[in-house]
Amino acid sequence: MIKTEKVVHLRSGRGRRVRVVREHYLRERVPCFSALCQADCNNDGPVLPGDLTHYVVPDAEVVVNFLEILELRELQGIVFTQTAVQALQSRGRRCYNRLRSLVKDPRHDCVLFANEFQEFCFCPREEGERQERWQTRSVYSAAVWYYNHLAGVMNVVMITEDQEAVAQYSSLNSGVFVVTVQDYLQNFWPDLVQAQDLYRSISQVLQDKEGEDTQREFSEHLPPEVLESGIKSGRFLQGSLNVSKHRASDQAFVVNQVLSSKNTDLSGGVLVYGFKNRNRAVHGDSVVLELLPRSQWRGRLTALAEGPGTETGEDGEGRPVPTGRVVGILQRNWRDYVVTFPSRDGSQSQTRNSQRILAIPWDRRIPKIRISTQQAETLQDHRVVVRIDSWEITSLYPNGHSVRVLGRAGELETEVQTILIENGIHVPPFSDAQLREMPPNSPEKPWSVDPAQAGRRRDLRDQLVFSIDPPGCQDVDDTLSVRRLAGGKLELGVHIADVTHFVREGSLTDLEARTRATTYYLADRRYDMLPAVLSADLCSLLGGMDRYAMSVLWELDAGSLAVSSVWFGRTLVRSSYQLHYELAQALLDGEEAPVPELAQLGPEERDAKLAELLEALEMLTQVARHLRAQRDQGGALELEGVEVRAQLDQDRNITALVPRQPLEVHETVAECMIYANHWVARRIQEAFPSTALLRRHPPPCQELFTQLVDLAQARGFPMNTRTNKDLADSLERAADPQDPLVNRLLRMMATQAMSQAQYFCTGSQPQDQYYHYGLALDRYTHFTSPIRRYADVVVHRLLTAALELEGGAAPAPARALGGNKEMEETAQHINNKNRAAQRAQNLSTGLFQCLFFKDRDPQTDPRCLADAIIYAVRDNGVLVFVPEYGVKGPVYLRNREGQVVSAGPDGGCEWLSGSVRRHPDQISTCSNGGSCTFRLLDHVTVCISVLSTSCHPDTLKLELVSNRPHHSGAAPRPAPAPGRNQLVQEVVRLAQEAQQAQNQAQQRPRLSREEREFQQSKTPNLYSLLEEVRELALLDQDSLLRAAAATA
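Presented here is a report on the structure given in the accompanying data block. All values derive from a computational prediction rather than experimental measurement.

**Brief notes about the packing of helix α11 (residues 412-422) against helix α25 (residues 820-854)**
Packing of α11 against α25 brings their axes to within 9 Å, and their N-to-C directions diverge by 155°. In terms of orientation, α11 and α25 fall into the roughly antiparallel class. Seen along the crossing, α11 lies across α25 with a hand that is right-handed. Across the interface between the two elements, L412, E415, V416 and I419 of α11 pack against A840, L843, S844, L847, F848 and L851 of α25. Taken together, the residues of the contact of α11 with α25 sort by class into eight nonpolar, one polar and one charged.

**Quick look at the packing of aromatic side chains**
The final tally for this structure, using the stated rule, is 19 aromatic pairs. Their ring planes at 85° and their centres at 6.3 Å tell us that Y55 and Y146 sit as a pair that is edge-to-face. A residue pair is termed long-range when its members are at least 10 positions apart, and Y55 in strand β3 (residues 54-58) and Y146 in helix α5 (residues 131-149) qualify at 91 residues. For the cation-ring pair, K276 lies above F218, with the distance from its terminal atom to the ring centre recorded as 6.0 Å. Across from the ring centre of F760, 5.9 Å away, lies the NZ or CZ of R696, which sits over that ring.

**Observations regarding helix α18 (residues 603-634)**
Given a rise of 1.5 Å per residue, 32 residues ought to cover 46 Å, and the 47 Å separating the end C-alpha atoms of α18 matches this to within 8%. What α18 keeps buried is the set L613, A616, L617, M619, L620, T621, V623, A624, L627, R628 and R631. Of the residues trailing α18, G635 is marked for its positive phi of about 105°.

**As for the sheet that holds strand β39 (residues 930-935)**
Strand order in the open sheet made by the four strands is β36-β37-β38-β39, with antiparallel pairing throughout. Each end of this open sheet is capped by a strand with a single partner; those strands are β36 (899-903) and β39. Within this sheet the neighbouring strands show an average axis-to-axis angle of 45°, counted without direction. Strand direction decides the pairing type here: strand β37 (residues 909-918) and strand β38 (residues 922-927), joined by five bridges, are antiparallel. What sits directly across from S915, in β38, is C926.

**Topic: the pattern of salt bridges**
Following the criterion strictly, the structure yields 51 salt bridges and no others. Linking R457 and D498 is a salt bridge whose minimum nitrogen-to-oxygen distance equals 2.7 Å. Of this pair, R457 sits in the loop between α13 (451-456) and β20 (458-459) while D498 sits in the loop between β23 (489-497) and α14 (499-502), and the two are 41 residues apart along the sequence. The same class applies to R457 and to D498, which are both buried. Connected via shared salt-bridge partners are R73, D105, R107, E512 and R516.

**Considerations on the nonpolar core**
Of all hydrophobic cores here, the largest spans 89 residues; its most connected members are F466, I468, W554, L579, L693 and F783. Among the elements that line this core, the one with the most residues is helix α19 (residues 664-687), at ten residues. The residues contacting L693, other than those within four sequence positions of it, are I684, Y759, F760, T781, A791, V794, V795, L798, M823 and A827. Counting 60 residues, the second largest nonpolar core, distinct from the first, contains A866, V878, V940 and L960.

**Examining the pairing of β36**
Within β36, four of the five residues are buried, leaving the element largely enclosed by the surrounding structure. Strand direction decides the pairing type here: β36 and β37, joined by five bridges, are antiparallel. The residue of β37 that forms the bridge with V901 is W911. The antiparallel hairpin formed by β36 and β37 contains five residues in its connecting segment, where G907 sits at a positive phi of about 95°.

**Some words on the sheet that holds strand β16 (residues 355-361)**
In spatial order, the strands read β15-β16-β17-β19-β18; together these five strands close into a barrel with mixed pairing. Between one strand axis and the next, the sheet turns through 50° on average, direction left out of account. Relative to strand β17 (residues 369-373), β16 is paired through five bridges, and the arrangement is antiparallel. Bridging from a neighbouring strand, L358 pairs with R370 of β17. On the sheet, helix α8 (residues 193-207) packs against β17, β18 (382-390) and β19 (399-408) and is oriented at approximately 145° with respect to β19.

**Some thoughts on unusual backbone geometry**
Positioned with a positive phi, D40 is a non-glycine residue whose angle comes to about 55°. Among the structural elements, D40 can be located in the loop between β2 (17-26) and β3. For D40, a relative accessible area of 68% corresponds to the exposed category. With phi around 75°, R280 is a residue other than glycine that occupies positive phi space. Examined against the element boundaries, R280 turns out to sit in the loop between β10 (270-273) and β11 (286-291). Relative accessible area serves as the criterion here: at 7%, R280 is assigned to the buried category.

**Notes on the side chain of T83**
Along the chain, T83 turns up in helix α3 (residues 82-89). Look at T83 and you get buried, because its relative accessible area is 2%. Each residue touching T83, except ones within four places of it in the same chain, is listed here: N115, E116, W134, Q135, S138 and V139.

**Observations concerning the state of the cysteines**
Overall, the coordinates contain zero disulfides when judged by the stated rule. Here C121 stays unpaired: no disulfide links it, and the sulfur of C123, its closest cysteine neighbor, is 7.5 Å away. Owing to a relative accessible area of 1%, C121 belongs among the buried residues under this scheme.

**Focus: a positive patch on the surface**
Side chains of R93, R100, K104 and K821 sit close together on the surface and give a patch of like positive charge. Take the positive patch: its biggest share by element is three residues, from helix α4 (residues 93-104). In this fold, R93 is placed in helix α4. The class of R93 is exposed, set by a relative accessible area of 58%.

How each quantity is defined
Residues numbered from 1 in each chain as written. Predicted model: local features only at pLDDT ≥ 70, side-chain atom pairs only at ≥ 80, totals over all residues. Heavy atoms only, no water. Axes fitted to C-alpha atoms, helices over the stretch in contact; angles between N-to-C directions. Helix = DSSP H or I, 4+ residues; strand = E, 2+ residues; numbered from the N terminus. Parallel < 35°, antiparallel > 145°, perpendicular 65-115°, else oblique. Left-handed = near helix turned anticlockwise from the far one by under 90°. Contact = heavy atoms within 4.5 Å. Nonpolar A, V, L, I, M, F, W, Y, C, P; charged D, E, K, R; others polar. Phe/Tyr/Trp six-rings, centres within 6.5 Å; stacked < 30°, edge-to-face > 60°. Lys NZ or Arg CZ within 6 Å of the ring centre and 35° of its normal. Expected span 1.5 Å × (residues − 1). Buried < 20%, exposed > 50% of the residue type's maximum accessible area, 1.4 Å probe, protein only. Pairing = 2+ DSSP bridges. Salt bridge = Lys/Arg side-chain N within 4 Å of Asp/Glu carboxyl O. Core = buried A, V, L, I, M, F, W, Y, C linked by side-chain atoms within 4.5 Å. Disulfide = S-S within 2.5 Å. Patch = residues over 30% accessible without salt bridge, like charges linked within 9 Å, V, L, I, M, F, W, Y side chains within 5 Å. Areas by Shrake-Rupley, 256 points an atom, 1.4 Å probe, with all protein chains shown as cover. Lys, Arg positive; Asp, Glu negative; His and termini not counted. Charge placed at Lys NZ, Arg CZ, Asp CG, Glu CD.

Given below as structure tokens:
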């Protein structure tokens, strides 16, 4: 080891540059992380493969400016030097974290080489040498060392943007090639179009750095040390910037939970009014605020915006709230944005080689982004993925570069991909390397149970085990069993697919599942978390197939149903019956219903087995009723969700969506799953008090119940929200026999007030915070759906580790599951992905809502008229819910011209000059045609149409047609015939087209052609989508009401 010195320049707390001399130790042996190493380096970790044609060593400037290209999986064998990484780190933590994640991900063949600690690589900086020049020299020295260290068996390519370096170093060593990034991509990756496009786009941004404007549009951000001291002293506030969806140019809020709990004035957040006061902060950024004087505080706008994202000059304001301005940004939250290149405008600036376009983001909360491109005319009216590079104080808009083109705006596939990208959902087909990890299963070599595994598991194949799922379900996560034991006992069993047997921790499949975190359900497709060979076959507990399972078995007293003992463990099961909900309910109701598994049996044997099955269903129902009653006593809430099922024809194509009728068997299955989740949560929390993954639902803030209380009082229903028990009892009593929709709407309002259920690591919260408010349970987790949720996979591993510890084995969690910090990071990642999945579901539903109404004439098509119920009052209109289509939105009673809605004797509405007066529970209009009053929970008739824009998503427009209920006084409309349900006709058409290929075969294969080729399931499973919504019903009301689109 050789001691030397290294000079670094730091900035003091007062902003002065300080020269610091540090001791620096050089070593002869530094890991090279190459499989070709012949020097016995201590390569502890992933290594670069030896079967590549070359290794790539990027210069520091390349890493800083072109990291996006280096992140492409096609580029392999990348050596990031310590010199380049430190240069990137100086640009900000966000980019540095991206590089760290890249190096850690085994799906990318790249390593980090500590060149500045290697004795023969280290290059001391010469006096007067520019930093960029020294960095290039250091990286080249590392490239030469790599080539020599591997004895010349692997060529090394150094890529740089420094033309002088290319001229100086390219001919010094025969095995070390120094080329520009452009030359490298053109010569080594000529077919990698994405990389070529990215290079051109980023290069244009670097060349066209804005330098002409000198006038400042914004104030400078304060230095980090000033922000930090201001936050500590209380002068400044910090939080995340949330821009209003409906008033994106004026209103944004910053919420800090810690400060909100200390200062009630800040419980609603701090208002940032106006675009300039945001000071270049973008929605989602972590910002620092300075409160304005009270005389400058503004109020929230209380009128409905005139159209999405637009404002009016007559908007009223509520009472003044704390208002501030952004003085600094702690962390940028820039991501991929989808923008639309507008039609050509002469005002757009041009340079000799490119045109600078103000692209309009799909998300209204994001400001316009200035893009330099040579394809401005070609990309008009196209959706393009862009990234923000900078936002200078001399520019009103941020600068960015294009990444790739999605397609023409308005095309269905383009819009679906837009939804995925806007929510950060990346679901490429499973790679060949991941599929090679799957167990072999083919007609020639079918998968079978391993005898060794069978010997280590409890064999339950001789017991009556069955599943109850939606019709046509292929990914069967769970099965149930119940039987009588000797001594007046019952045994209840919940058996869950043993995914962790097939998905080993740390494998490529596991890493991909963790990245996705969940299965993503859209209106016309789904993207599986696991390859279809697992999700639809080997892990699925299909009828008549031997399958591995993780089971929970309770021994219950037959009379009191008290728990005598509980057993957890791995089992081997064979489901005897694969029932669907309607069939199970028909059997319980004593109806004649054919059971497919009994069709081939003789009458005597069939009757005996049917009686056995019916007895099991009845016992299961009895147990579930008892479990539900226990939770009801604790205050469990029954919140309103939207539940539909997909209706299939004989060829298994979706023909319609019909509202799912509430059946007792639904609650029976749900109670058994909740019971299993609860007991597993207890087991893993007791085994690992600080590293278990649980799910908590904090009590909601009482102030958020205001709208619910006001709405209930409009019908004379008192609403006690003090505890979950009080709330549940109040909701149960708030039923109007003349209008069942009232109770449904009240439950939706209760859901809107709820805080968000979330996963957490037990070591990050005190035990009194484990409580699940909605389910009234002290501990809860997710264990029962490992095929579609990664949280359940983690819980399965925790349970396995707990059982191993109980059996005296080595403490597996320390090895397999990491510590408190890693578990909390996993929990937060899953929470983020679940929110993204929820948003994507809602946006997809909204897309198909608009597709349904887009080509319909509101003046002639009766399906555009619907009944709506008023649930909120604003200064210039009301908010309504349309139960028939699951749509909610604003209905304006005053327009921009100052006209108001006037209702005639027959209830028909027209626009006349007049005024509007708002009251707490009603709003009145007065005009030459008389006065008209609209009260909370009144029914009105609305006309639904589509408001289309080329740059933003289409939205539904609701216009008042009559102040009376739709079809009032008319005979009830018959139930819609199969295949004529509104809102899904476009979904039906797409689903049928997607399945035409697989329906050509005489016998439908277990996996469709698309599933086998691309490992993605495109078969719609909207029931599963809405089961997920039901399970996560403790989210915001938007999630539930938008998902209601599928009920039509």
